[in-house]
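What the coordinates show
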Amino acid sequence: MKQQFVETIKIKNGKALALPYHQARMERTIRRFFPALASEEIKLSSLISPKEEMNLYKARVVYGILGVETIEYAPYKMKEIHSLKVVEDNNIDYTYKSTDRSALNALVAQKDDCDEIIIVKNGLITDTSFTNLALFDGNRWLTPKHPLLLGTKRAQLLEAGIIQEADLTLEDLRKAEKVSLFNAMIDFGEREVTKIFLPDSAD
């Protein structure tokens with residue numbers, strides 16, 4: 001199976017956002033998996049061509065051993081999320097933003113009647129299936145120190161001091177007032193959830 005990776009870039013009012021963060025992550029991935037491409041200087045800023053009428057769009061850039069393979073643009077509609085179910089997987093690895101989401105999809109299949117999942121690995125909170133997250137403890141917003149994926153929005157929020165890193169457990173999740181979900185397409189504060197279903201063993 002050939003390896004492919006993806007950057008999902010938010011286009012708002014005809015402008016591609018956070019390109020330096022996406023560029024940095026793509027370059028890290030290329031150095032790790034396709035070192036022969038590292039000297040070619042693939043620049044997202046030259047490849048992404050949003051149109052002025054794109055008020056809220058998603059650009060999906062797929063790349064692999066041959067470099068950038070496809071760029072697709074589509075209107076973006078934010079998913080409604082009102083409930084989260086905790087699922088555990090100590091072996092899952094999504095360090096790099098691969099197009100292969102089979103392991104994540106297998107966990108999503110366990111969400112029952114909830115809208116989305118929170119993945120616990122080795123006793124620590126990580127991510128949902130498609131966003132990073134932060135817990136509000138009544139005073140601070142804390143984000144997992146070891147997420148499954150180092151997201152671009154997460155990097156921006158950390159740099160701005162809006163969230164802080166911490167090792168977060170199920171106990172922290174139980175005590176949290178709410179959970180904020182965010183990624184390149186979802187701004188901090190746009191999706192906050194208070195309805196969370198934890199494993200029976202944690203009660």
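Shown above is the structure to which this text applies.
Residues numbered from 1 in each chain as written. Predicted model: local features only at pLDDT ≥ 70, side-chain atom pairs only at ≥ 80, totals over all residues. Heavy atoms only, no water.

Spatial ordering of the open sheet is given by β7-β6-β5-β13, a layout of 4 strands whose pairing is mixed. Two strands close off the open sheet at either side, each with one partner strand: β7 (124-125) and β13 (195-197). With 2 bridges connecting them, strand β6 (residues 116-121) and β7 associate as antiparallel partners. Of the residues in β7, the one forming a bridge with Lys121 is Leu124. (Pairing = 2+ DSSP bridges. Helix = DSSP H or I, 4+ residues; strand = E, 2+ residues; numbered from the N terminus.)

A few words now on the pairing of strand β4 (residues 67-75). Bridge analysis of strand β3 (residues 56-64) against β4 gives 8 bridges, and the strand direction is antiparallel. For Val61, the partnering residue across the bridge sits in β4 and is Ile71. Here β3 hands over to β4 after 2 residues, the two strands then running antiparallel side by side.

Moving on, we come to the pattern of salt bridges. Within the structure shown, the criterion is met by 13 salt bridges. Note that Lys79 is salt-bridged to Glu116, the shortest N-O span being 3.3 Å. Of the two residues, Lys79 sits in the loop between β4 and β5 (83-88) while Glu116 sits in strand β6, which places them 37 residues apart along the sequence. Of the residues examined, Glu116 reaches a relative accessible area of 0% and is grouped as buried. Between Glu192 and Lys178 there is a salt bridge, with its nearest N and O atoms 3.2 Å apart. With Glu192 in strand β12 (residues 191-193) and Lys178 in strand β11 (residues 178-182), this pair connects stretches of sequence that are 14 residues apart. Taking relative accessible area as the criterion, Glu192 reaches 36% and is therefore assigned partly exposed. Members of the salt-bridge network, linked through shared partners, are Lys10, Lys153 and Asp187. (Salt bridge = Lys/Arg side-chain N within 4 Å of Asp/Glu carboxyl O. Buried < 20%, exposed > 50% of the residue type's maximum accessible area, 1.4 Å probe, protein only.)

Despite not being glycine, Asn13 shows a phi value in the positive range, around 50°. Positionally, Asn13 belongs in the loop between β1 (5-12) and β2 (15-16). When its relative accessible area of 53% is taken as the criterion, Asn13 is described as exposed. Of note, the phi angle at Ala18 is positive, near 55°, even though the residue is not glycine. When you line up the elements, Ala18 lands in the loop between β2 and α1 (19-33). Ala18 sits in the partly exposed class, given a relative accessible area of 21%.

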